[in-house]
Every structure is written in C-alpha cells, then in structure tokens.
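Fold and contact review
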Number of protein chains: 2
Amino acid sequence: MNLDKLRNITRETHEINIDPLQTGGRIPEATKANLVTWLDGYSVCDFCPGSLFGLKTPPIKLFIEEILPEFLGCDQARITHGAREGKYAIMHAAARPGDWIVIDANAHYSSIVAAERAGLNIKKTERTPEPEYLITPEHYKNAIEEVEDETGNPPALALVTYPDGNYGNMPNVKKIASECHKHGVPLILNAAYAVGRMPVSMRELGADFIVGSGHKSMAASGPVGVLGTTEEHAENLFRKSRYYPIKEVEMLGCTVRGMPAVSLMLSFPYVQERIKRWEEEVENARWFSSMMEKEGIAEQYGEKPHNHDLLFFVSEKLYEIAQDHKKRGFFLYHGLKKRGISGIKPGLTRQFKLSTYGLKKEELEKVINAFLEIIEENKSLLNSQ
Amino acid sequence: MNLDKLRNITRETHEINIDPLQTGGRIPEATKANLVTWLDGYSVCDFCPGSLFGLKTPPIKLFIEEILPEFLGCDQARITHGAREGKYAIMHAAARPGDWIVIDANAHYSSIVAAERAGLNIKKTERTPEPEYLITPEHYKNAIEEVEDETGNPPALALVTYPDGNYGNMPNVKKIASECHKHGVPLILNAAYAVGRMPVSMRELGADFIVGSGHKSMAASGPVGVLGTTEEHAENLFRKSRYYPIKEVEMLGCTVRGMPAVSLMLSFPYVQERIKRWEEEVENARWFSSMMEKEGIAEQYGEKPHNHDLLFFVSEKLYEIAQDHKKRGFFLYHGLKKRGISGIKPGLTRQFKLSTYGLKKEELEKVINAFLEIIEENKSLLNSQ
C-alpha cells in the first residue's frame, strides 16, 4: 500500500476566490488558534451530559436553545452535519415513503437526493423561461394542485430554495408559504446560501422548517449546518428514542461531535456582524454584474436587478475563444489562476457562476480586469475580430 | 443576544486522558500544520469533479478506491460522518421499515437509535451474566431463531459490536457471521473501537458490512467515519440517484465535505503503523487491569484475560468513600484532575470505564498511583479502616 499521496496534503489557495460554494465559508483568521485546540476526535465530549445538545462546555446548549432560535427566527434549533442532512431529517420525520413533496425547479441536487432517500415522490414546480428562471407563488400553487388532482391529497411537504445555487434568485417565500399553507402543506426553507450571509427569519418568511449551512454561508469549518422549526413540528422532528430517553432519533443521538460544532459557534459573533452589511453586498453584486455586461464580457442570467451575491453568467465571447484555443475551455480557468483568481470551474466558459460575497471593490475590479485581459490576449480567436 | 460565551472557546486538556472515547482519536501533532490549511468551509471542493468520492485533490478517490478497501478488507468503501451514520445508511438501504434486526446486548446506543430511525424492530441477543457479559454465537443463533419463530422470516440484518463500548469485549465474529449466514442474515460489524486501533479485516471475519470511526479510533478530527462492504451489497448501498447519475442516494451525494476527510487521510499512515503495535497495547491493558485488582482499587468486569484497551471497573472501595465525602462521587474526578488525569466521568466511582490506549507504561503507572493516593487520602472514610 503506497501512502505517499496521503502525506503532507496541503491546500493551495489563491488571492481571490469567487467560488459560490466557498465565499461565505471562509473562517475568520482570528478563530484558528482556538480551533486548533479542538482538533482531536470527540474533543467536544469532555463534559458530555449524555447528549451533544446538553453540553455547557463548549456552550452548545446555550447556542441551540437561545442563540440559534433567535438568529433563525424559529422555536427550536439544532446543529447538523449540513443543510442536506437537515433536509433529509425533516423529510424522513415529516413524510412517509410514497408521499409527495413539491420542490422548486431551481432546487439544489441535494434536496432532490434527500427526498429520494426518504422515498418521496417529487413534483417539481415550473419556472419562468430563460434568462430569468424565476420561481413564483403561482408555480407552487400549480404544483400542489397537480399533486392533489393526481393523488387526491395535498403533498406532505414543500421545499423552496432561497436563493437557489445556480442563479441566486430570491423567490417570494412569504407568498409561497401562504400558498402552501392554504393547502395545509408545511414548507421547508433551504437557506444554505442565505443564513449567515444575510438576515433571515423563518418566522417572518412563514416557513415551517429552515436549514442553513455552516461551511457554505456561516464562516464555519465543515461539515456543519443548522436546522430550525416551530414548536408544532419540533415534537416529531426531535422525537426521543423509545430506548434512550435523552437521545433524538433523527439526530442519531448526537450530530456534530467534533470541531466543526465549535467552529460554528466561534464564527458566530463575526457572522452576526457581517449580515448587517448585506445591502452593501447586494450593491457590490449588482455593480459587478453591470460591469460584466457593460464591458461585453458576459450576460447575467437570473433575477435583475439582482438580490444576492451569487451570479450566473453566459458568455458567447469566452465560448468563442474556447473553440480555437489550444487549452480549449480551460484557458479561462488558467488565465484567472495566473492572476490569482480561483473559483470558476475548470473548463467552463459559456456558462459559469461566481459569487462576489465578502470581496472588496478593488478585488471585484481586479476580477473584471482579469476577464478583460484574458479576452484581449485571445482576441485573435474571436471571429468578429 | 449576549455572545460573550461564544468568544474564545478554548479546550483545556490534561496531561493524561483515559476517556475511551478519546484515546484513539488524538490527532498526530505533525498533521496540525497541514490541517489548518483545510479549515475553510468546503475547502476540499476546490477541484470537485461532481462528487466527493471522485476527488483527486485531495486524494479521496485513491483513498476510498484503493487504500480503505485494502485496510478494511472489503470490496468498496466510503468516508462517512461517523460510525452511526454508516450504520444508519446500511440499515436504511438493506432493510425496510417493519423488518427485524438482531443486535448484541452490549451494543452502543447509536446502533439501537439507527435501527429505530430506520423503522426496524430490534431483537437484542442475550449475554452471559455478570461479571463477564460475553456475547456468543449461540446468542445470535437464539435471537435469529426467535425472530424466525415469531415472524416466520429471518431478520433482515444482524449487527455485532466489536468490541463493545462498555466492557471492551471481543466476540467471536467469525462464528457469529457463520451463524448469521446459515440463516441468510447479512452481518454488520460495528468496529468503531477496533478499526484504527488494531488490525481488522471484514473479509476475514466474514461480515458483510463494516463501520469504523475516525474520531474514535483513527486519530482523526471528527466527525468522520468509514464504511465498507462487499461487491454484492455495494450495488444497493451505494446506489445512484435516479435524477443525478453521479450522486449516491444513501450518501446524500457527498458526505464529509470538509477538513475531517483530510484529517482521516493525513493520519492514515500513522494509523497504519500504530495498529502493528496492537499486541503491546493489549499487554498494557492486561497489566493495568491486574494492577487495579492487585492493589485492591477495583475489579475488572468483562472478558478476562482482556483483549482490548477499553476496561470496565467496579470499585466498592471508591463507592464507599463517595458515601461520606463532602464532594460525594466527584472526589474521584477532582482527585484525578488534580493529578493531571482526565477521562473518567465526573461523579462516577462504583462503576467506570477507561482506556489505556496509546499510554506509555509510566503514564499507566501514574494513573494507578493516582488511584492509590486518592484512596489513601480518604482512608478515614472507609468503614473497614
């Protein structure tokens, strides 16, 4: 067994990272020294009272009983392995195999796979056509009624992605929740790209469940996530074991029994501050989008004006270069990398997404200039030249 | 919202830790510098090919396709959030709600809760009486036949804990597997306290599934675990999504999308070396047990001679002191802590477990001496004095 490749595995990072998966998950430099003290396996269990959620040291009990519910606008909250694990727990607890769930057409694959794992039938909503791909309350109404027509019953659950991970579209959750509730359907809010980036209140939005992602948007070392719900749904979702009265069945007793749980808490004061700057983040995203279009680099798809840092672009120009470039589509990835920029998937040119979250205006300018320089370098490959 | 308690959360450790949960999960000092480069959320996804298990950088594909199967003695392996999440995935994939599972009487609570989450009926085996509490092949035979008698069918699954987390007993898995297979019952090996401490081969032991724990026994920063199975069972356990052909349903697409996955790999060369010293570890445990008994501190329950570092003790003497001590049962915890020793749960005196894993002989002597000093200090509280 040759183990050389396992030795000294080190991550190389670039000056600027615009990967939507990663812009909201960078941990604050200041937490690192503390985090290192929690690296050992089961480090959080030194003072185990029988359940992770009862821990006073580190203060997980305080975090889930007081801080998270207030932050998420919910009655009860837990720490999970991530948004997808939270969604699966909800679906498994609140529905039975063979039940139906309505999911928006822009949903993350993990919502679909979670529903599949829970044995649910999936009814996807429609969405408005290219280039916006909006999800509306009407789409939910139609999808719910289709399930009712086909099965005689409303779906067991609905899920909305807020925002979705492709276009960064922010659907009107309040109206969607109201539509769902008219039909007696509880609504799951997948806020993996919202909680920790911007203010989000499950209660104000009218949803029945909320999931967030620590590693995606709460500046935490993952995998770790958050899960919240109402008192009404908590009883079933957090039901205790028949055999071990202190252990919650859907949480398998304890969830994040290690450093990521501490990371979520250590980063929390920073996260609570940064969400106050959300309007500025949206302004930056809009400015970036307008520059990409104004400079003729690419066209932004999805909602306009945009309301989130996650942006989807379509570029016929970059795609045209890729056709004749000796690196094919990889010229863009390498061109950006050479300029200290990472986060656009290797090979992509015609369609790509990126995030402006947490980047300074000068950094965003640097990204725009990098695109312009790369196009300039390759202008001989453009037919229009 | 007062966030003061979330600031500067730091773990305080003691010189010697004998908590069975923690002795096998300490990460090698040498990996820390590398680990810190992976702290950011979704750090492992820089070069995502669409699935965690296909990653070449960091080398997760190599690890799960070549290294882990050889190490575990299985055909296919995956990285999971931990042993319990692996057990649940197996039970959810290989059985249907209402099916039966036979589980040993010494099983960890998470095996029971995983079965409960999967909607399974649980038949516990018997065990031999106090003080040994052994699990035998005969116990499995009886439990399986009881299920057959009661339901007309064999159970869908069986699970054996190797060793269990209370007594550190090592059942004869080969014979248990053979008993299960006679009845057509696939066997899950819960090796959370074995894989990473000692050589374990699923194939040699004849089990159909194996789970291990990175944070418990593989010197990894958790939560993280391993899961292995045969080609026969892999097809169903690792089945792909109907909607996303690259995503595995029971893994929810990707499992440990963060630093713990890297920790498992970085520690692996160290783990592979240390398991070669297993006989020495067993010798140390036996020596420690004999000293506890010889010095009249406590009696060891469970298998004798013992075959694992996890030891369960019963001490009437310490319990007697607790009756009249002003700190009640907490005198032991505080007395050990004062001497730089942690890992016995606060308050326990009559029955407690500990682990000698990875401790040097001098450290074990120090623990024995600490017990003796604590008894000596409190001898006026012993009736027999």
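Thresholds applied
- Residues numbered from 1 in each chain as written.
- Chains lettered and ligands numbered in written order.
- Predicted model: local features only at pLDDT ≥ 70, side-chain atom pairs only at ≥ 80, totals over all residues.
- Heavy atoms only, no water.
- Helix = DSSP H or I, 4+ residues; strand = E, 2+ residues; numbered from the N terminus.
- Rg over C-alpha atoms; globule rule 2.2 N^0.38 Å.
- Buried < 20%, exposed > 50% of the residue type's maximum accessible area, 1.4 Å probe, protein only.
- Contact = heavy atoms within 4.5 Å.
- Areas by Shrake-Rupley, 256 points an atom, 1.4 Å probe, with all protein chains shown as cover.
- Lys, Arg positive; Asp, Glu negative; His and termini not counted.
- Charge placed at Lys NZ, Arg CZ, Asp CG, Glu CD.
- Buried area = accessible area lost by both parts, 1.4 Å probe.
- Salt bridge = Lys/Arg side-chain N within 4 Å of Asp/Glu carboxyl O.
- Polar contact = N/O pair within 3.5 Å; in protein donor to acceptor, adjacent residues only side chain to side chain.
- Expected span 1.5 Å × (residues − 1).
- Arc of directions from axis to C-beta.
- Domains from an automatic or database assignment.
- Nonpolar A, V, L, I, M, F, W, Y, C, P; charged D, E, K, R; others polar.
- Pairing = 2+ DSSP bridges.
- Axes fitted to C-alpha atoms, helices over the stretch in contact; angles between N-to-C directions.

Here we come to the overall build of chain A. Secondary structure assignment for chain A yields 14 helices and 12 strands. Its C-alpha radius of gyration of 22 Å places chain A within 12% of the 21 Å reference for a compact globule of 385 residues. Within chain A, the proportion of its 385 residues that are buried is 63%. Relative to all contacts within chain A whose residues are 6 or more apart in sequence, the contacts with residues 24 or more apart total 67%. Counting only carbon and sulfur atoms, one obtains 47% of the accessible surface of chain A, whose full area is about 14400 Å². Each charge class in chain A was averaged separately, 47 positive and 52 negative side chains, and the resulting centres sit 5 Å apart.

So, on to the interface of chain A and chain B. Residue-level contacts link 86 residues of chain A with 86 residues of chain B. Summed over both sides, the interface of chain A with chain B buries roughly 8000 Å², with 60% coming from carbon and sulfur. Inspection of the region where chain A meets chain B yields 10 salt bridges. One salt bridge connects Arg117(A) with Glu250(B), and the closest N-O pair in it is separated by 2.8 Å. Applying the counting rule to chain A against chain B returns 43 residue pairs in polar contact (both at pLDDT 80 or more). For the side of chain A that touches chain B, the secondary-structure elements that each account for two or more residues are helix H1 (32–36), helix H2 (60–72), helix H3 (83–94), helix H4 (109–117), strand E4 (121–124), helix H8 (214–217) and helix H10 (259–274) of chain A.

The next subject is helix H5 (residues 137–151) of chain A. Residues and elements named next belong to chain A. Over its 15 residues, H5 extends 21 Å from the first C-alpha to the last, a length consistent with the 21 Å expected when each residue adds 1.5 Å. Listed as buried for H5 are Pro 137, His 139, Tyr 140, Ala 143, Ile 144 and Val 147. Projected onto a plane normal to the axis of H5, the buried residues spread over an arc of 160° and lie on a single side. Packing partners of the buried residues in H5 comprise strand E3 (100–103), E4, strand E5 (157–161) and helix H6 (173–182). With its phi angle positive at about 85°, Gly 152 sits one or two positions after the end of H5.

This paragraph deals with the domain arrangement of chain A. All names here are of chain A. Here chain A is partitioned into domain 1 (29–274) and domain 2 (277–381). When each unit is reduced to the centre of its C-alpha atoms, the spacing between domain 1 and domain 2 is 31 Å. Between domain 1 and domain 2, the contact holds 20 residues from the first and 15 residues from the second. Buried surface at the junction of domain 1 and domain 2, summed over both partners, amounts to about 1600 Å²; 53% is from carbon and sulfur atoms. Of all residues in domain 1, the largest losses of buried area upon contact with domain 2 belong to Tyr 167, Arg 197 and Arg 274, amounting jointly to 35% of the total for that side. Counting the contacts that link domain 1 with domain 2 gives 1 salt bridge. Between the two partners, domain 1 and domain 2, sit 13 residue pairs in polar contact (both at pLDDT 80 or more). Grouping the constituent residues of the side of domain 1 that touches domain 2 by class yields 9 nonpolar, 5 polar and 6 charged.

This part covers the sheet that holds strand E4 (residues 121–124) of chain B. The strands that make up a sheet are held in pairs by hydrogen bonds between backbone atoms, and each pair lies either parallel or antiparallel. Residue and element names in this part refer to chain B. The strand order across the open sheet formed by 7 strands is E2-E8-E7-E6-E5-E3-E4, and the pairing between neighbours is mixed. Sheet topology places strand E2 (76–80) and E4 at the edges, where each strand pairs with a single neighbour. For this sheet the average axis-to-axis angle between neighbouring strands, irrespective of direction, equals 20°. Bridge analysis of strand E7 (residues 209–213) against strand E8 (residues 225–229) gives 5 bridges, and the strand direction is antiparallel. Across the sheet, the residue bridging to Ser 213 is Gly 225, located in E8.

Attention now goes to the side chain of Thr230(B). Residues and elements named next belong to chain B. With respect to the helices and strands, Thr 230 occurs in the loop between E8 and helix H9 (231–237). Looking at Thr 230, the relative accessible area reads 17%, which means it is buried. Here His 233 takes part through its backbone nitrogen, which lies 3.2 Å from a polar atom of the side chain of Thr 230. Not counting the four nearest positions on each side in its chain, Thr 230 is found in contact with Asp 75, Met 202 and Asp 208.

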